[in-house]
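# Observations on the model geometry
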Number of protein chains: 2
Amino acid sequence: MANEDEAAIRGLIDERVSALRERDAARAVAMLAPDLVAFELAPPLVADRPTDAAATQAWFDGLAGPVETEVRDLTVHVCGDVAFAHSLNRLRVVRKGGAVGAFWMRSTLGFRKRDGEWKIVHAHTSVPMRMDGTFTAAMDLEP
Amino acid sequence: MANEDEAAIRGLIDERVSALRERDAARAVAMLAPDLVAFELAPPLVADRPTDAAATQAWFDGLAGPVETEVRDLTVHVCGDVAFAHSLNRLRVVRKGGAVGAFWMRSTLGFRKRDGEWKIVHAHTSVPMRMDGTFTAAMDLEP
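Residues numbered from 1 in each chain as written. Chains lettered and ligands numbered in written order. Predicted model: local features only at pLDDT ≥ 70, side-chain atom pairs only at ≥ 80, totals over all residues.

Between the two copies of the chain lies a relationship made up of a rotation around an axis and a movement along it. Between the two copies, chain B and chain A, the superposition gives an RMSD of 0.0 Å; the rotation angle is 180 degrees and the shift along the axis is 0.0 Å. Both copies are brought into coincidence by an operation consistent with a two-fold rotation axis. When each C-alpha of chain B is compared by its distance to the rotation axis, Thr136(B) comes out closest, at 2.0 Å. Interface residue correspondence from chain B to chain A reaches 100%, placing this contact among same-surface, isologous pairings. (Least-squares fit on C-alpha atoms with pLDDT ≥ 70 in both. Contact = placed C-beta atoms within 7 Å.)

Next up, the structure:
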């Protein structure tokens, strides 16, 4: 059922956004497959321990409030036990001390259905880089 | 036939690498779906005209030799008419004037099979950014 599967995947993305808002590390990693290959915002090229709830918790511990995520232009392609999705996500956090981080990024997710449950097996998150010689991340872009 | 489809997708990626090496813009865009959603290395967040052979040709015209691409750790997930793939790609170009650009990037591709042919409907290419306050692209990373 492609429609049911698309609904399940959209629900899983909602659940992840909700877990980040609540800063609940166990919930935030619950939909990640143990063999997840993650291309994250920060180095290295491939994340070392992307499913580690303790690392997620350490990030949350540096924040003064919820992780707010706005998901725009979410597109889901699904067939059988394989799916992928892409969207533009605006992330906004306030760090302890008051510094605000807020920017748009691109998100691509790959999914497999295993034992009837969809899991994230691939994640790619990025900000484009300016090709003006500085190669700085363009964190002021709007969709 | 998942194995045949995986072989077709790997062949399509080989063909794209070959087209870039030959600097053949028409071949390089032939496997892109007209509705491709591309998250490219450079701004904007979503590429304006990712399937435009003329824009690809303009990039080639600034180069003194082939676009060399090494594809590492290519993983393909396929089911029916949906597939996605991810890899680490080392790009190396020599610009007219002699400047060399060479770095590793992360590549994720999404595919749909339409009328029996696989096409790229989503592409996400990035370099991670340093979280040291400079937010510069980390172009010296190795897998």
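Residues and elements named next belong to chain B. The 5 strands lie next to each other as β1-β5-β4-β3-β2, forming an open sheet whose pairing is mixed. Among the strands making up the open sheet, the edge pair consists of β1 (32-39) and β2 (68-79). Neighbour-to-neighbour, the strand axes of the sheet open up by a mean angle of 20 degrees, direction not taken into account. When β1 meets strand β5 (residues 117-126), the two strands line up parallel, connected through 4 bridges. Counterpart to Phe39 in the pairing with β5 is His124. Packing against the sheet, helix α1 (residues 2-22) makes contact with β2, β3 (82-94), β4 (100-114) and β5, and its axis sits at approximately 155 degrees to β2. (Pairing = 2+ DSSP bridges. Helix = DSSP H or I, 4+ residues; strand = E, 2+ residues; numbered from the N terminus. Axes fitted to C-alpha atoms, helices over the stretch in contact; angles between N-to-C directions.)

It is worth spelling out unusual backbone geometry at this point. With the exception of glycine, most residues fall at negative phi, and the peptide bonds are largely trans. Residues and elements named next belong to chain A. Residue Pro44 follows Pro43 across a cis peptide bond; omega there is 5 degrees. In this structure, Asp73 is a non-glycine residue whose phi angle is positive, near 55 degrees. Mapped onto the secondary structure, Asp73 falls in strand β2 (residues 68-79). A positive phi angle, near 55 degrees, is found at Phe135, a position not held by glycine. Within the secondary structure, Phe135 is located in the segment after β5 (117-126).

Among the nonpolar cores identified, the biggest contains 35 residues, and Ile9(A), Ala83(A), Ile9(B) and Ala83(B) are the most heavily contacted of them. Contacts of Ala83(B), omitting those with residues within four sequence positions, involve Val82(A), Asp5(B), Ile9(B), Val76(B), His77(B), Val78(B) and Phe111(B). The next biggest cluster of nonpolar side chains, apart from the first, holds 8 residues, and it includes Met129(A), Ala137(A), Met105(B) and Val127(B). (Core = buried A, V, L, I, M, F, W, Y, C linked by C-beta atoms within 7 Å. Buried ≥ 20, exposed ≤ 12 C-beta atoms within 10 Å, placed from the backbone.)

All right, on to the sheet that holds β5(A) then. Residues and elements named next belong to chain A. On the basis of which strands lie adjacent, the open sheet formed by 5 strands has the order β1-β5-β4-β3-β2 and mixed pairing. Strand pairing shows two members of the sheet lacking a second neighbour, β1 (32-39) and β2, which therefore form its edges. Recorded for the sheet is a direction-independent mean angle of 20 degrees between the axes of neighbouring strands. Taken strand by strand, helix α1 (residues 2-21) contacts β2, β3 (82-94), β4 (100-114) and β5, and its axis lies near 155 degrees from that of β2.

Okay, the environment of Ile120(B) next. All names here are of chain B. Note on placement: Ile120 falls in strand β5. Note on Ile120: 24 C-beta atoms within 10 Å, which makes it buried. Among all residues touching Ile120, those that are not within four sequence positions of it are Met31, Leu32, Ala33, Leu36, Leu109 and Phe111.

Residue and element names in this part refer to chain A. Within the secondary structure, Ala38 sits in strand β1. The sequence separation of Ala38 and Arg95 amounts to 57 residues, and the corresponding C-alpha distance is 24 Å. The contacts of Ala38, once residues within four sequence positions are left out, are Val46, Ala47, Pro50 and Ala123.

These figures come from the coordinates and say nothing about function on their own.
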